[in-house]
Amino acid sequence: MDPNVIFINSFLDVSEETFEKLERISTFKKIEKGVQIDRPGEIPSKIYMLVSGIMRAYLSSETGKEFNKNFFMPFSFVGSLTALIKKEPSKLTYETLTACKVYEVNFEEITKLCSKDIHISNLYSKVLERIFIKYEERQLEFISMDATERYLKLRKRISGIDDLIPQYHIASYLSITPVQLSRIRKKIDNN
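The rules behind each value
- Residues numbered from 1 in each chain as written.
- Predicted model: local features only at pLDDT ≥ 70, side-chain atom pairs only at ≥ 80, totals over all residues.
- Heavy atoms only, no water.
- Pairing = 2+ DSSP bridges.
- Helix = DSSP H or I, 4+ residues; strand = E, 2+ residues; numbered from the N terminus.
- Axes fitted to C-alpha atoms, helices over the stretch in contact; angles between N-to-C directions.
- Buried < 20%, exposed > 50% of the residue type's maximum accessible area, 1.4 Å probe, protein only.
- Arc of directions from axis to C-beta.
- Contact = heavy atoms within 4.5 Å.
- Polar contact = N/O pair within 3.5 Å; in protein donor to acceptor, adjacent residues only side chain to side chain.
- Expected span 1.5 Å × (residues − 1).
- Phe/Tyr/Trp six-rings, centres within 6.5 Å; stacked < 30°, edge-to-face > 60°.
- pLDDT = per-residue confidence, 0-100.
- Salt bridge = Lys/Arg side-chain N within 4 Å of Asp/Glu carboxyl O.

**Notes on the sheet that holds strand β1 (residues 26-31)**
Where strands meet in a sheet, backbone hydrogen bonds hold them as pairs that are either parallel or antiparallel.
Turning to step 1, where the next piece is worked out: Read from one edge to the other, the open sheet built from four strands follows the order β1-β8-β3-β6, with strand pairing classed as antiparallel. One side of each edge strand has no neighbouring strand; the edge strands of this open sheet are β1 and β6 (76-78). With direction set aside, neighbouring strand axes in the sheet form an average angle of 35°.
Turning to step 2, where the next piece is worked out: With six bridges joining them, strand β3 (residues 46-52) and strand β8 (residues 100-106) adopt antiparallel strand pairing. Within β8, the residue paired with Met-49 across the bridge is Tyr-103.

As structure tokens, then:
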């Protein structure tokens, strides 16, 4: 079975007809490493279904320091959702960390389909629920876990992360310095 169908069905079982409607408004794209698909100050219009590669979302401070908000692995939806929904400029940058393959979808087309098709509307609701749950889990991690526990959970979620994502990006995501991350990794390796 098509892995894209399997991914969509992980939210809600959809018919072939519903999947075909989604396919018609999607464009398959290959994106090189280091490409920004959404930038702060720009009003985004697209959402992406990541099928291969790794992306990140980050916030840049006035001094240029980057704070990683999220890493995206296949299969996930990527895009500045708040900016898309509110039709206002994104506060985050979304960037490919590796070469990626995505399905690009015009967000307005999705919302139009939602108003006409209850199955797509239900799927959209399920996707939003999953995004909210992941957001809440991340917030709870910061409240209830120390940096070592957050790092171990991230390693479990992204197998081989240390070979896939630069250490300074991982440290930023964990809200620690690269030196602190190096100490944590050393301590884990020694145990």
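The structure having been displayed, the exposition proceeds.
**Description of helix α6 (residues 147-157)**
Turning to step 1, where the next piece is worked out: If you check which residues of α6 are buried, you get Ala-147, Arg-150, Tyr-151 and Leu-154. An end-on view of α6 places all buried positions within 100° of arc, on one side of the element.
Turning to step 2, where the next piece is worked out: Along its buried surface, α6 packs onto β5 (66-72), α5 (118-144), α7 (161-164), α8 (167-174) and α9 (178-190).
Turning to step 3, where the next piece is worked out: Where α6 begins, the side chain of Asp-146 points an oxygen toward the backbone nitrogen of Thr-148, at a separation of 3.1 Å.

**Description of α5**
Turning to step 1, where the next piece is worked out: Its 27 residues give α5 an end-to-end C-alpha distance of 38 Å, which sits within 8% of 39 Å, the value for a rise of 1.5 Å per residue.
Turning to step 2, where the next piece is worked out: Within α5, the full set of buried residues consists of Ile-120, Leu-123, Val-127, Arg-138 and Glu-141.
Turning to step 3, where the next piece is worked out: The N-terminus of α5 is capped by Asp-117, whose side-chain oxygen sits 2.8 Å from the backbone nitrogen of His-119.

**A closer look at the packing of aromatic side chains**
Turning to step 1, where the next piece is worked out: For the structure on display, the rule yields four aromatic pairs.
Turning to step 2, where the next piece is worked out: Seen from their ring centres, Phe-107 and Tyr-124 are 6.3 Å apart, and the 55° between their planes marks the pair as tilted. In this pair, Phe-107 sits in helix α4 (residues 107-116) while Tyr-124 sits in helix α5, placing the two residues 17 residues apart along the sequence.
Turning to step 3, where the next piece is worked out: For Tyr-124, a relative accessible area of 23% translates into the label partly exposed.

**So, the confidence of the model for the chain**
Turning to step 1, where the next piece is worked out: A residue-level look at the chain finds 93% of positions with pLDDT of 70 or above and a mean pLDDT of 90.
Turning to step 2, where the next piece is worked out: The least confident element of the chain, judged by mean pLDDT, is helix α1 (residues 3-9) at 61; the most confident is strand β7 (residues 93-96) at 96.

**Considerations on the pairing of β8**
Turning to step 1, where the next piece is worked out: With six bridges joining them, β1 and β8 adopt antiparallel strand pairing. If you follow Lys-30 over to β8, its bridge partner there is Lys-101.

**Details of the pattern of salt bridges**
Turning to step 1, where the next piece is worked out: If you walk through the whole model with that rule in mind, you get eleven salt bridges.
Turning to step 2, where the next piece is worked out: In this structure, Glu-129 engages Lys-126 in a salt bridge whose closest nitrogen and oxygen atoms are separated by 3.5 Å. Linking Glu-129 with Lys-126, this pair stays in helix α5, spanning three residues, or about one helical turn.
Turning to step 3, where the next piece is worked out: Two residues, Arg-185 and Asp-162, come together in a salt bridge whose shortest N-O distance is 3.7 Å. With Arg-185 in helix α9 and Asp-162 in helix α7, the pair connects residues that are 23 residues apart, well separated along the chain.
Turning to step 4, where the next piece is worked out: Members of the salt-bridge network, linked through shared partners, are Glu-17, Lys-21 and Asp-117.

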